[in-house]
Each structure stands twice: as C-alpha cells, then as structure tokens.
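Fold and geometry: a report
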Amino acid sequence: MTELPTCWWCGSTADSREHKFKASELRASHGPEWRGEAAVVHGSFGGQQQEVRGPKADELKWPPSMCKDCNNRRSQPFDHAYDQFLRFLELNETAVLARGGLSFRDVFGKEWRAGRSNLIKYWVKHVCCRAVEVGLSVPPATCAYLDSPSSSGAPPHIRMRLMINKAVIDMAGTDSLHLGSYFTDALGWSDPDSGELIGFDAAVGWGWLALAYEFRIPDPSGATTFPRARLRLN
C-alpha cells in the first residue's frame, strides 16, 4: 500500500497542492486565460517546454505537500500580505526603482510589523514547499515560526535577500517590467561526510523583484536583508 504524503507544516495528510506562484500574481501578469498567442511557456532546464493554459494549471503547483487547512485558512494572512505588497509595487514601480527601496509603513500602514512578518511567512511557505520537492524535511523550528503570531524576526534555517533583478530591467528596456514569475534551479548542499543533502540555494522572482534564499537544515539561524521598516533592494 502506497503511503500518502503528509503536510510538512502540521503532519496531516497532504491533500492540497500549493501554487509555485500565487494565482492572483499570475493573473495580474498574464490575464485569466492563456491560449494561442497569449499562451505562457512553462520552462524547465533539461526538460521539455510546454504551454500552460491558465493560472490554476497543475504545472504551476508543487506536488502534494500540504493539507487544505494549512494551505488555505492557516496561511491566508501570508497570501494577503504578499498580494498587498505586489499591488504596492505595481502602483509605485517607478518610485521604488528610483529610490532603490521602500518603506513597509507605506505598504502596510500602522500595522507594518505584522504585514512584514506575514510577507516573510509567505516566502517561508514557498521555500518549505520547494524543500520538500527536492527531498528535504522542514525543521520543527521553521514550522513553529509560522505558528507563532508574534514572530517578527528572521525565519530559522532560512536566509533571505530581496533585490532588484537588473538583468530583467536591462532586458525589458522601455517595455513593461512585468515580465512574469520565475524561480531558479535549486543548488543543493550535501554533508561532506555522509553525502546526504542538507540544504539548497535558489531564488524566486516577479518581474524585476527577486528573492534569493538559502535553506540549511543543520544551521538553525536565519537572516533577512529587511529587518526594519525601511527596505533597501540591494
């Protein structure tokens, strides 16, 4: 009998597939349906490219690794914070790029600390789903970070760096910088003695915004390049 996968967050049966990119993000970049000339190519290094017909396509989801409750109700504040962050970037793109940064106070108002925390947790959820896909387990401390409503620092075992992807700006020229969503290949790290996979590096991006991150199981520390209200995009 085949053993069913379990949710990396709560341990229940994994009966849900998290989007690699939020459906609302994909609709904002490409519209509601992608057919003919509007088709979006789903690329894979070393694999075949194929057209994706819409933001809910299976190709745009991770393999089952979360339960429905964790993927929806429990993480809903994280999704809302990310949506709010992207809306701000869309409306203030020129100013953010000219200044090389922004203030979370402008994005989330008086509740900027909670907004920033939930934004980090949105990316933590992405990193954890990616970790499971490459064959790693999510450490309990990372799950506890998501559980705590008062979490405000860096996520354990994860280091994050937000930056402007200058290559996208150079490629876009005078055209729109909303060139879609992407993530890079995962660069794995192995234990020097056992050869066991213990972590990986990767990046995820939307248009000109990129989040580079490191995930290390043996290292309980964490870090972000945006610990305060002011965010500098390096």
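The preceding data block contains the structure.
Keep in mind the model is a prediction, meaning the values are calculated, not measured.

1. Quick look at the overall build of the protein
Assigned secondary structure in the protein consists of 8 helices and 10 strands. When the 234 residues of the protein are sorted by exposure, 48% land in the buried category. Sequence separation of 24 or more characterises 69% of the internal contacts of the protein that already satisfy a separation of 6 or more. Within the structure as shown, the protein displays about 12,200 Å² of accessible surface, and the carbon and sulfur contribution to it stands at 50%.

2. Re the packing of aromatic side chains
Evaluated as defined, the whole model comprises 12 aromatic pairs. Ring geometry for Tyr82 versus Trp123: centroids 6.1 Å apart, planes at 75°, classification edge-to-face. Linking Tyr82 in helix α3 (residues 76-91) with Trp123 in helix α6 (residues 112-133), this pair joins segments that are 41 residues apart in sequence. Just as Tyr82 is buried, Trp123 falls in that class too. With a centroid separation of 6.2 Å and an interplanar angle of 70°, the aromatic rings of Trp123 and Phe226 are classed as edge-to-face. Taken together, the positions of Trp123 in helix α6 and Phe226 in the loop between β9 (223-224) and β10 (230-232) put the pair 103 residues apart, joining distant regions of the chain. When sorted by exposure, Trp123 lands in the same class as Phe226, which is buried. Among the aromatic residues, ring-to-ring pairing joins Tyr82, Phe85, Phe104, Phe108, Tyr122, Trp123 and Phe226 into one connected group. The ring of Trp9 has Arg74 lying over it, and the distance from NZ or CZ to the ring centre is 4.2 Å. Looking at Lys121, its charged tip hangs above the ring of Tyr145, at a distance of 5.8 Å from the centre.

3. Quick notes on the nonpolar core
By size, the foremost hydrophobic cluster in this structure holds 55 residues, and its most contacted members are Phe85, Leu89 and Trp123. If you list the elements that add at least two residues to this core, you get α3, α5 (104-108), α6, α7 (140-147), β4 (158-164), β7 (197-206) and β8 (209-216). No other element matches the 10 residues that α6 contributes to this core. Those residues in contact with Leu89, other than ones at most four positions away along the chain, are Val96, Leu102, Trp206, Trp208 and Leu209.

4. A short note on unusual backbone geometry
In the Ramachandran plot, His157 falls in the positive-phi region, its phi being about 75° despite a non-glycine side chain. Within the secondary structure, His157 is located in the loop between α7 and β4.

5. Notes on the pattern of salt bridges
One pass over the full model with this rule turns up 7 salt bridges. Ionic pairing is found between Asp69 and Arg73, a salt bridge with its closest N-O pair at 2.8 Å. Pair noted here: Asp69 and Arg73 are both in helix α2 (residues 68-74), with a separation of 4 residues, about one helical turn. Look at Asp69 and you get partly exposed, because its relative accessible area is 35%.

6. A word on the pairing of β8
Taken across its 8 residues, β8 has 7 buried, putting it largely inside the fold. Bridge analysis of β7 against β8 gives 8 bridges, and the strand direction is antiparallel. Counterpart to Val204 in the pairing with β8 is Leu211. In this structure, the hairpin formed by β7 and β8 is closed by a connection of 2 residues, where Gly207 is found at a positive phi of approximately 55°.

What counts as what
- Residues numbered from 1 in each chain as written.
- Predicted model: local features only at pLDDT ≥ 70, side-chain atom pairs only at ≥ 80, totals over all residues.
- Heavy atoms only, no water.
- Helix = DSSP H or I, 4+ residues; strand = E, 2+ residues; numbered from the N terminus.
- Buried < 20%, exposed > 50% of the residue type's maximum accessible area, 1.4 Å probe, protein only.
- Contact = heavy atoms within 4.5 Å.
- Areas by Shrake-Rupley, 256 points an atom, 1.4 Å probe, with all protein chains shown as cover.
- Phe/Tyr/Trp six-rings, centres within 6.5 Å; stacked < 30°, edge-to-face > 60°.
- Lys NZ or Arg CZ within 6 Å of the ring centre and 35° of its normal.
- Core = buried A, V, L, I, M, F, W, Y, C linked by side-chain atoms within 4.5 Å.
- Salt bridge = Lys/Arg side-chain N within 4 Å of Asp/Glu carboxyl O.
- Pairing = 2+ DSSP bridges.

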